[in-house]
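Inside the fold
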Amino acid sequence: MIKRSGPTLRMATVFVILLLPAAVFGQYDYIDISNPFSRKIPMAIPAFAALNSDGTDPALLKKATDIITNSLDFTGFFNMIDRGAYLLEPGNPVITTDQINFRNWTTIGSELLVTGGLSQTGSLVDIELRLFDTLTGKRLLGKRYHGTVNDVRPIILRFCNEVILQLTGKRGIFDSKIAFVSNGSGNKEIFICDFDGSNPVPFTRHGTISLSPAWSSDGKWIAYTTYVNKKPDIFIHRTEGSEQVTVEEKGINITPSWVPGQFTLSATMSFAGNQEIYLLTGSGKIIKKITNNWASDLSPSWAPDAKLMAFVSNRTGAPQIYIQDIKTGQVERLTFEGNYNTQPSWSPTGDRIAYTSMVGSRNDIFTIDLKRRQPLQLTQETGNNESPSWSPDGSLIAFSSTREGPSRIYVMTAFGADQRRLLTMSGEQSSPNWSPNLNKY
Amino acid sequence: MRKKLWIFLALFLVIPVLLGTVSCAKKTVTKEEPAPVMAPAPAPPPPPVEDKAAKAFDMEKSEFQNDNIYFAFDKSNLDDMAQATLKKKAEFLKTYPNVYTTIEGHCDDRGTPEYNLALGERRAESAKSFLVDLGIEAYRISTVSYGEERPVCTEQTEACWAKNRRGVFVIN
């Protein structure tokens, strides 16, 4: 039932060797991901060099160059300098500190430089990857990896994670995945793709309506709503393996959302007559009722410390977003602008909540910061924009949009910049849900 | 039922023929008689009472299933028209106490899918409780929400949205 992209599991066979003693680097605060005005850092990535005179497939070099460039570009942190502007000297590979003329890079405005070298022997590869600060001429990172040709993508993504950790102080998102709904088969099924939209594979094959995928905080489970029993129930399914439990109480069982750091789920259920949010064990047993109001309460989303829960309620007559203190039970209203605010998604950094607000008869993505409570509109005049979901580092937001006609999955920065389509598939795609870091690379 | 009818008809046709041939044999042949089959045309059998009732049921049933109730945007309360429709449905359910029904709650595709799943259930439940208030047994009525997942119209116009904001009655 569940397919995994092949190479990730073979990472165990990859050896990582630190090249030379790590350079003495202090606290590099290159990128502050919580700053909406942070500048993109100009970066250069010359084409990978062949480290042995023969045996290295030029197509593999190009593939490796493309993977690292596209992956780092995806983060939105960098301004990739056009390769046509590079001042390259002909001759031997230029990938190490002593080989590089840093003036060639500072002249074209580059502040960071990534070099890659690859040697291929049959199906085996050695890859050297380095990150330099061109202004100081210092190497910030240097790694050598060994694996098979199938490991090239995982190896490079692993290095990209190191690059982002080095520059932001946080792990990158390169081993995260995105679950979403696609109706290409004629039915709405759950799919999973890599962080950058590559390798989409079906996760469900129920042949009915399946909705609202939600990753557990350890990335090992996905809960979703499905009409397998001809009514909306929640299925909780292991991402690797076939273990599955179901929550099929009378009435609706919808909007599953995991409690951070726990094998605990929250969801809206109506078996007792009213639509309330309940807390359930990861195996689907009801622990307790969380909300208590005559109105509809749904779409829970948890603060990273699991002390507060945002949710949607129409207790004032129209849907608005509220925050409940789990310990005291106290509820306060968060959104006041607009008559239809739904789909709260609490940022993993804790300070903001993304949500969907109806503007006219269309939906747009907003965020609201929890201190000043100021809504910030991130999409506008581009069809229906729905279902915001944060990347695990809180720097990006995945969402669905009808801006090009059919609904598709898009990604933008946490402040609405760099809006781009994630992937193209048959049918329509919706409800993206970004996984936590899966710690694969 | 069908078989019995055929036997009935067959007897109607065959008996006069037999009688005719018997009487002919006794008489001396004088002139051609009209074919006995043509003779007293057998009256069509009166339609059985159940058949009439079945026809009425079929008509009322299709009305019951095709007559939707409609809702205002983001609302689950029943306006006058919806109430009038529901009263007719209650009559039908009273007339046919063996009928069990499922009320499907649907929404237009504005708003968001999760909230619409909740709204669809509230719409179906509000229709159900109206019928229960009119004396229909609650166990004969189940509800299911389809939210915005099963639109009958996909244009982005108010006319189309209005068609989608509906309660549909299915006989189980």
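Residues numbered from 1 in each chain as written. Chains lettered and ligands numbered in written order. Predicted model: local features only at pLDDT ≥ 70, side-chain atom pairs only at ≥ 80, totals over all residues.

1. Comments concerning the overall build of chain A
The condition is simple: Note on conventions: DSSP H or I runs of at least 4 residues are helices, E runs of at least 2 residues are strands, and numbering of each starts at the N terminus. It is over C-alpha atoms that the radius of gyration is taken, and the globule rule equals 2.2 Å times the number of residues to the power 0.38. The exposure scheme places C-beta atoms from the backbone and then counts, for each residue, the other C-beta atoms within 10 Å of its own, assigning buried at 20 or more, exposed at 12 or fewer, and partly exposed in between. Throughout, a residue-residue contact means that the two C-beta atoms, derived from backbone geometry, are no farther apart than 7 Å.
Within chain A one finds three helices and 31 strands. Here the C-alpha atoms of chain A give a radius of gyration of 23 Å, agreeing with the 22 Å that 2.2 N^0.38 yields for 441 residues. Based on the C-alpha atoms only, the size of chain A along its principal axes is roughly 75 × 45 × 40 Å. Expressed as a percentage of its 441 residues, the buried residues of chain A come to 49%. Across chain A, every contact between residues at least 6 apart in sequence was considered, and the portion connecting residues at least 24 apart equals 47%.

2. Side note on the overall build of chain B
Within chain B, the regular secondary structure consists of five helices and four strands. When its helices and strands are written in sequence order, chain B yields α-α-β-α-β-α-β-α-β. In chain B, once contacts between residues fewer than 6 apart in sequence are set aside, the share between residues at least 24 apart is 74%.

3. Let's talk about the confidence of the model for chain B
Residue and element names in this part refer to chain B. Stated precisely, the cut-off is as follows: What pLDDT expresses is the predictor's confidence in each residue, scored from 0 to 100.
Summing up the model confidence of chain B, the mean pLDDT is 83 and the portion of residues at 70 or higher is 72%. Counted against residues more than four places away or in other chains, residues 13–30, with its pLDDT under 50, gives nine contacts. The ipTM value of the predicted complex is 0.90, and its pTM value is 0.87.

4. Structural notes on helix α1 (residues 58–74) of chain A
Where we set the bar: By definition here, a helix of n residues has an expected span of 1.5 Å times n minus one.
Its 17 residues give α1(A) an end-to-end C-alpha distance of 24 Å, which sits within 8% of 24 Å, the value for a rise of 1.5 Å per residue. Gly76(A) lies just past α1(A) and shows a positive phi near 80°.

5. A short note on the interface of chain A and chain B
Inclusion rule: Basically, the charged four are Asp, Glu, Lys and Arg, the nonpolar ten are Ala, Val, Leu, Ile, Met, Phe, Trp, Tyr, Cys and Pro, and anything else, Gly included, counts as polar.
Chain A puts 27 residues into the contact, and the matching count from chain B is 14 residues. Contributions of two or more residues to the side of chain A that touches chain B are made by β11 (210–215), β15 (253–258), β19 (297–302), β23 (341–346) and β24 (352–359) of chain A. Among the residues forming the side of chain A that touches chain B, the class breakdown is eleven nonpolar, 13 polar and three charged.

6. With respect to the sheet that holds strand β9 (residues 189–194) of chain A
Residues and elements named next belong to chain A. Selection rule: Whether two strands pair comes down to DSSP finding at least two bridges between them.
Reading across from one edge, β10-β9-β8-β31 is the order of the four strands in this open sheet, with antiparallel pairing throughout. In this open sheet, the two edge strands, each paired with only one partner strand, are β10 (201–202) and β31 (429–434). Sheet topology note: the β9/β10 ladder contains two bridges and is antiparallel. If you follow Phe 191 over to β10, its bridge partner there is Pro 202.

7. Side note on the domain arrangement of chain A
Using the following cut-off: What counts as a domain boundary in this text is fixed by an automatic or database domain assignment.
With domains assigned, chain A is organised as domain 1 (6–168) and domain 2 (177–434). Counting residues at the interface gives eight residues for domain 1 of chain A and ten residues for domain 2 of chain A.

8. Some thoughts on the confidence of the model for chain A
All names here are of chain A. Overall, the predicted model of chain A reaches an average pLDDT of 91, with 93% of residues at or above 70. Note on residues 1–13: pLDDT is under 50 here. Beyond four places in sequence and across chains, it has 25 contacts. Across residues 20–27, confidence stays below pLDDT 50; counting only partners more than four residues off in sequence or on other chains, it has six contacts.

9. Section: the environment of Glu332(A)
Residues and elements named next belong to chain A. Mapping Glu 332 onto the fold places it in strand β22 (residues 331–333). Along the sequence, Glu 332 and Ile 321 sit eleven residues apart, while their C-alpha atoms lie 8.9 Å from each other. Beyond its immediate stretch of four places on either side in the chain, Glu 332 contacts Tyr 322 and Ile 323.

10. So, the pairing of strand β28 (residues 396–401) of chain A
Residues and elements named next belong to chain A. Judged by how many residues are buried, β28 sits mostly within the fold: six of six residues are covered. Of the two faces of β28, the one carrying Leu 396, Ala 398 and Ser 400 and the one carrying Ile 397, Phe 399 and Ser 401 are both buried. Relative to β28, strand β27 (residues 385–390) runs antiparallel, the two sharing four bridges. When the sheet's bridge partners are listed, Glu 386 is paired in β28 with Ser 400.

11. Details of the nonpolar core
Heads up, the rule is: Each nonpolar core consists of buried Ala, Val, Leu, Ile, Met, Phe, Trp, Tyr and Cys residues. Their C-beta atoms, within 7 Å, join them into a set.
Counting 105 residues, the largest nonpolar core has Ile156(A), Cys160(A), Ile222(A), Ile397(A) and Ala398(A) as the members making the most contacts within it. The dominant element in this core, judged by the number of residues it contributes, is helix α3 (residues 152–168) of chain A, at nine residues. Sequence-distant contacts of Ile397(A), defined by excluding residues within four places in its chain, comprise Ala354(A), Ile365(A), Pro388(A), Ser389(A), Trp390(A), Met412(A) and Ala414(A). Among the nonpolar cores identified, the runner-up in size contains 15 residues, and Leu86(B), Phe92(B), Leu93(B) and Ile141(B) belong to it.

12. Some details on the packing of α1(A) against α3(A)
All names here are of chain A. For the record, the criterion: Under this scheme, a helix contributes an axis fitted over its contacting stretch, all axes are lines through C-alpha atoms, and angles between N-to-C directions fall in the 0 to 180 degree range. Two helices cross in a left-handed way if the nearer one is turned anticlockwise from the farther one by less than a right angle. They cross in a right-handed way if the turn is clockwise.
At their nearest, the axes of α1 and α3 sit 10 Å apart, and the two run at 35° to each other. Along this stretch, α1 crosses α3, giving a crossing that reads as right-handed. Contact residues: α1 offers Leu 60, Lys 63, Ala 64, Ile 67, Ile 68, Ser 71 and Leu 72, while α3 offers Val 152, Arg 153, Ile 156, Leu 157, Cys 160 and Val 163. Here the contact of α1 with α3 is composed, by residue class, of ten nonpolar, one polar and two charged.

13. Topic: the sheet that holds β11(A)
All names here are of chain A. In spatial order, the strands read β11-β12-β13-β14; together these four strands make up an open sheet with antiparallel pairing. Of all strands in the sheet, those with a lone pairing partner are β11 and β14 (244–247), marking the two edges. Neighbour-to-neighbour, the strand axes of this sheet turn through a mean angle of 20°, independent of strand direction.

14. A few points about helix α3 (residues 80–95) of chain B
Residue and element names in this part refer to chain B. The test is simple: In this context, the arc is that of the directions from the helix axis out to the C-beta atoms.
Here α3 contains 16 residues, and its C-alpha end-to-end distance of 23 Å stays within 8% of the 22 Å for a straight helix at 1.5 Å per residue. Of all the residues in α3, the buried ones are Ala 82, Thr 85, Leu 86, Lys 89, Phe 92 and Leu 93. An end-on view of α3 places all buried positions within 110° of arc, on one side of the element. The exposed residues of α3 that point more than 90 degrees off its buried face are Asp 80, Ala 84, Lys 94 and Thr 95.

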